[in-house]
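# Chain and residue survey
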Amino acid sequence: MDEEQKNSAPPQPSLAREDPPRRFDPSRMIGIIKRKALIKELAAVHHAECLALCQELLELQRKWEEPYVETKTIEDLRKETSRPTKRQKRTR
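Overview of the structure.

Rules behind the numbers
Residues numbered from 1 in each chain as written. Predicted model: local features only at pLDDT ≥ 70, side-chain atom pairs only at ≥ 80, totals over all residues. Heavy atoms only, no water. Helix = DSSP H or I, 4+ residues; strand = E, 2+ residues; numbered from the N terminus. Buried < 20%, exposed > 50% of the residue type's maximum accessible area, 1.4 Å probe, protein only. Areas by Shrake-Rupley, 256 points an atom, 1.4 Å probe, with all protein chains shown as cover. Disulfide = S-S within 2.5 Å. Patch = residues over 30% accessible without salt bridge, like charges linked within 9 Å, V, L, I, M, F, W, Y side chains within 5 Å. Salt bridge = Lys/Arg side-chain N within 4 Å of Asp/Glu carboxyl O.

## Description of the overall build of the protein chain
- Within the protein chain, the regular secondary structure consists of 3 helices and 0 strands.
- Helices and strands appear in the protein chain in the N-to-C order α-α-α.
- Burial analysis of the protein chain (92 residues in total) assigns 0% to the buried set.
- Working note: accessible area of the protein chain is about 10500 Å², and carbon and sulfur atoms make up 57% of it.

## Quick look at the state of the cysteines
- In this structure the tally under the stated criterion is 0 disulfides.
- Considering cysteine sulfurs only, C54 is the nearest to C50, which forms no disulfide, with 6.4 Å between them.
- On the basis of relative accessible area, C54 is assigned to the partly exposed category, the value being 49%.

## Quick word on a nonpolar patch on the surface
- A contiguous nonpolar surface patch, about 410 Å² in accessible area, is contributed by F24, M29, I32 and I33.
- Within the element layout of this structure, I32 appears in helix α3 (residues 26-80).

Next comes the structure, spelled out in C-alpha cells:
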C-alpha cells in the first residue's frame, strides 16, 4: 500500500503552479496595441474634459469677484465724494 500511495500521490503544489515559459506570439501584440490606443484616446478625452471644467471654473470665479469689485469701488467713490471741511486748519 505504501508504494500505491507514493505512485498515486498528487504532484507537489510548487511544481503544479509553475507555467512553462511562453513563446512570443505576434497575434498578442495586436491586442496590446489596440488597448494602448484606447487608453490614449481615453486620456485625451479626460484631458479635454478637465480643461473645459477648469475654464468654466475660471469664468465662474471671475463672475463671482465682479460684484465684489463693483461694490468696493462704489463705497470708495462715496468716501471720495464727501464734502471737504468748510474751515481748513491753519499751519503755524
